[in-house]
Structures are given as structure tokens and as C-alpha cells.
Amino acid sequence: MTGSRVLALGHYQPARVLTNDELAAMVDTSDEWIRTRVGIRTRRVAEPTETVADMAGQAAAKALANSGLAPADIDLVLVATCTAVDRSPNTAARVAAALGLPSPAVMDINVVCAGFTHALATADHAIRAGSATNALVVGVEKFTDVADWTDRTTCVLVGDGAGAAVVTASASPEPGIGPVVWGSVPEMGHAVRIEGTPSRFAQEGQSVYRWATTQLPPIARTVCERAGVAPEELAAVVLHQANLRIIEPVARKLGAVNAIVASDVTESGNTSAASIPLALSKLVASGRVAPGAPILLFGFGGNLSYAGQVIRCP
């Protein structure tokens with residue numbers, strides 16, 4: 001059975017920066033209130049004409065260029081998103097067309113904030129099964145499209161952006177992408193919602209906080225166990241960038257005492273399915289993690305779904 005590894009990464013963020021002070025002029029909030037409760041300083045906002053597919057294509061093009069592969073080498077495109085407006089062609093097909101990929105399989109995956117780690121596992125499984133050799137996996141959201149700008153508990157969170165990974169087959173005995181641990185809590189799916197017409201994001205913040213900080217650390221430890229990596233051996237931890245008050249205690253309870261803990265949420269906000277690949281791409285580009293070092297990826301959120309795996313740094 002052939003394994004897989006992350007070969008290259010890329011990310012994209014819109015140019016417009018929305019600060020806490022600007023938000024305070026729109027809704028009853030303040031810079032201090034936002035920083036204290038969620039740790040966010042700024043977030044990026046896409047232009048009205050900038051689509052989910054546009055942002056996904058930008059990140060994917062960078063990842064493909066960084067991989068050294070040709071467009072014809074990509075035989076699978078997976079896009080994790082919950083904010084694409086168009087049903088068909090799906091976002092993956094639009095990315096394939098924009099990049100000139102000749103005939104890949106194209107699928108969108110909607111597991112909200114855990115979407116990228118689900119998509120990465122799906123790419124790994126397809127490669128292990130022999131159904132693909134090189135996959136392009138993208139997480140992208142235009143989360144500001146579904147924001148309720150009158151609700152200060154949610155509108156302060158959201159941001160837009162995209163991150164992408166090229167995943168390739170590997171014959172190495174050491175897996176570049178470890179086994180996924182995934183699941184959900186269906187009876188609590190109401191805790192994070194994007195519903196209605198027009199769709200609007202809403203959540204039960206305290207329920208999500210309690211679930212994330214109490215239930216997720218042991219699951220994250222199981223991810224490490226499945227990968228054969230002790231938490232203290234992790235070089236980096238990239239959790240879904242939901243809220244700094246969730247990221248910090250989950251990482252602490254995991255026991256990743258020597259790891260760099262990604263905190264891109266402070267400047268990018270919550271970008272849902274884009275948050276892990278966006279933070280991961282920035283972290284790897286910074287050179288702070290050595291090639292081959294183990295990195296825990298762990299997504300969680302909408303549907304109260306979760307998925308995580310340990311990867312080796314490209």
C-alpha cells in the first residue's frame with residue numbers, strides 16, 4: 001500500500017484588513033472586548049466580486065507552483081468549503097479549470113471548520129487505494145458572506161481566505177500523513193449553524209467552548225497515538241483557528257510542551273475550513289519548523305465534527 005505526504009503548500013488572503021476599531025463603529029463592541037474574549041486583532045474581508053473559487057484558485061496556484069509538478073500531474077482536486085454559493089460547477093471544478101488541469105476528479109467537501117482535515121484524509125485514502133497519485137487539497141471560505149453584522153458575538157470572529165496543499169504518493173516507510181481520527185456529535189449539531197436564506201452564521205458559544213476544551217484534548221492525544229508520535233515530540237500544533245481561548249487550553253491539555261502552537265487567528269480571524277491550511281502554510285513558510293518534523297493538524301466545529309492527523313512538515 002502506497003502512503004502519501006504533503007509536498008507543498010500555498011495560501012491566499014484578500015487585501016482588505018478589517019480592524020477591531022472598525023468593527024466597533026459598526027456594532028456594539030470594542031477592541032478590548034474582542035481581544036479579551038477571542039484574541040483576534042484583525043481579519044481579512046474579500047471584495048464583493050471576489051468569489052470562493054477565486055480565492056481557492058489563488059492558493060491552489062501557489063501550492064502547485066511550490067510543488068514543482070505540472071498541471072497535468074494532478075489527478076484529484078478536493079475543496080473544503082461551506083460558503084460556496086454555486087452548486088455546479090462545483091468549486092473544485094472551477095479551480096481545475098483556472099489552473100488548466102486536464103482531467104482530474106473534482107469534489108467539494110462540506111464539514112465546515114473540520115473540512116480541510118477531512119479532505120486531507122480523503123486525499124490520503126485515495127492515494128493509498130491507488131485511485132490518485134497527486135492531489136490538490138484546498139480549504140477556502142468567504143465567511144464574511146454569511147456573517148450577521150448585527151450580532152457582536154459572531155461577526156467579530158469571521159474572516160476570508162484560502163490555503164492549499166499538494167499531496168503526493170510516497171513509498172517511504174514513515175507515513176507523511178498519519179491515520180485520521182474523525183467523528184462528530186450529531187445531537188449537538190445545532191451548536192454551530194449556517195442556515196436560512198440568506199444563510200447566516202450563528203453559534204452557541206459557551207457550548208462550543210466547553211465541548212472543545214473538555215472533549216477534544218483526549219481525541220487529539222489519540223491522533224498522536226495512532227501516528228506513533230508522543231505529544232511532546234510534536235514540532236508544531238495547528239488547530240482550527242476558532243478562538244485563542246480555545247486553541248491555548250486545548251494545546252496545553254494535549255501536552256505538546258515543545259511545539260509551536262499556531263495562532264494565526266489573531267490576524268486572520270476564524271476562516272472555517274481555510275483556517276488550518278492558511279495557518280500551516282504561513283508557519284512552514286516562516287521556516288520555524290524543520291522539514292520532516294511532525295505537525296498535528298486538528299479541525300473541529302460545525303456539526304460538532306472533528307478530524308485530525310499528524311503530518312510531516314514539507
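Residues numbered from 1 in each chain as written. Predicted model: local features only at pLDDT ≥ 70, side-chain atom pairs only at ≥ 80, totals over all residues. Heavy atoms only, no water.

Caption draft 1: Up close: the nonpolar core. With 50 residues, the main nonpolar core has Leu234, Phe298 and Phe300 as its most contacted residues. Taken together, the elements giving at least two residues each to this core come down to helix 2 (31–38), helix 7 (205–227), strand 11 (236–239), helix 8 (244–254), strand 13 (294–301) and strand 14 (305–312). With eight residues, the single largest contributor to this core is helix 7. For Phe298, the residues in contact, after removing those within four places along its chain, are Thr117, Leu216, Ile219, Ala220, Val223, Val238, Leu239, His240, Ile276, Tyr306, Ala307 and Gly308. If you look at the next biggest cluster of nonpolar residues, it comprises 36 residues, including Val6, Phe116, Val167 and Ala279. (Core = buried A, V, L, I, M, F, W, Y, C linked by side-chain atoms within 4.5 Å. Buried < 20%, exposed > 50% of the residue type's maximum accessible area, 1.4 Å probe, protein only. Helix = DSSP H or I, 4+ residues; strand = E, 2+ residues; numbered from the N terminus. Contact = heavy atoms within 4.5 Å.)

Caption draft 2: Representation of helix 2 within the structure. Among the residues making up helix 2, those that are buried are Trp33, Ile34 and Val38. One side of helix 2 carries all its buried residues, which in axial view fall inside an arc of 95°. Away from the buried face of helix 2 by more than 90 degrees, exposed residues Glu32 and Thr36 are located. On the buried face of helix 2, the contacting elements are helix 1 (20–24), strand 3 (42–45), helix 6 (152–155) and helix 8. Backbone geometry just after helix 2 places Gly39 at a positive phi near 80°. (Arc of directions from axis to C-beta.)

Caption draft 3: Highlighting the environment of Glu187. With respect to the secondary-structure elements, Glu187 resides in the loop between strand 8 (181–184) and strand 9 (192–195). In this structure the C-alpha to C-alpha distance between Glu187 and Leu304, which are 117 residues apart in sequence, comes to 8.8 Å.

Caption draft 4: Expanded view of the environment of Met55. One can find Met55 in helix 3 (residues 52–67). With a relative accessible area of 0%, Met55 lands in the buried category. In sequence terms Met55 and Cys82 are 27 residues apart; their C-alpha atoms lie 14 Å from each other. Apart from the residues within four sequence positions on either side, Met55 is in contact with Tyr12, Pro14, Ala46, Glu50, Val140, Glu141, Lys142, Asp160, Gly161 and Ala162.

Caption draft 5: How the structure looks around the sheet that holds strand 11. Read across the open sheet, the five strands follow the order 8-14-13-11-12; overall the sheet is mixed. Both edges of this open sheet fall to strand 8 and strand 12 (260–261), since each of them pairs with a single strand only. In this structure, strand 8 lies alongside strand 14, joined through four bridges in antiparallel fashion. Within the sheet, the bridge partner assigned to Trp182 lies in strand 14 and is Ala307. The strands touched by helix 5 (residues 115–128) within the sheet are strand 8, strand 13 and strand 14, with strand 14 carrying the most contacts at an inclination of about 55°. Along the sheet, helix 8 contacts strand 11, strand 12 and strand 13; its crossing angle with strand 11, the most-contacted strand, is approximately 135°. (Pairing = 2+ DSSP bridges. Axes fitted to C-alpha atoms, helices over the stretch in contact; angles between N-to-C directions.)

Caption draft 6: Spotlight on the packing of helix 7 against helix 8. The geometry of helix 7 relative to helix 8 is characterised by a closest axis approach of 9 Å and an angle of 40° between their N-to-C directions. Put simply, helix 7 runs oblique to helix 8. As helix 7 runs across helix 8, the sense of the crossing is right-handed. Residue-level contacts link Tyr209, Ala212, Thr213, Pro217, Ala220, Arg221 and Cys224 of helix 7 to Arg245, Ile246, Pro249, Val250, Lys253 and Leu254 of helix 8. Across the contact of helix 7 with helix 8, the residue classes break down as nine nonpolar, one polar and three charged. (Parallel < 35°, antiparallel > 145°, perpendicular 65-115°, else oblique. Left-handed = near helix turned anticlockwise from the far one by under 90°. Nonpolar A, V, L, I, M, F, W, Y, C, P; charged D, E, K, R; others polar.)

So far we have only geometry, and geometry alone does not tell us how the molecule works.
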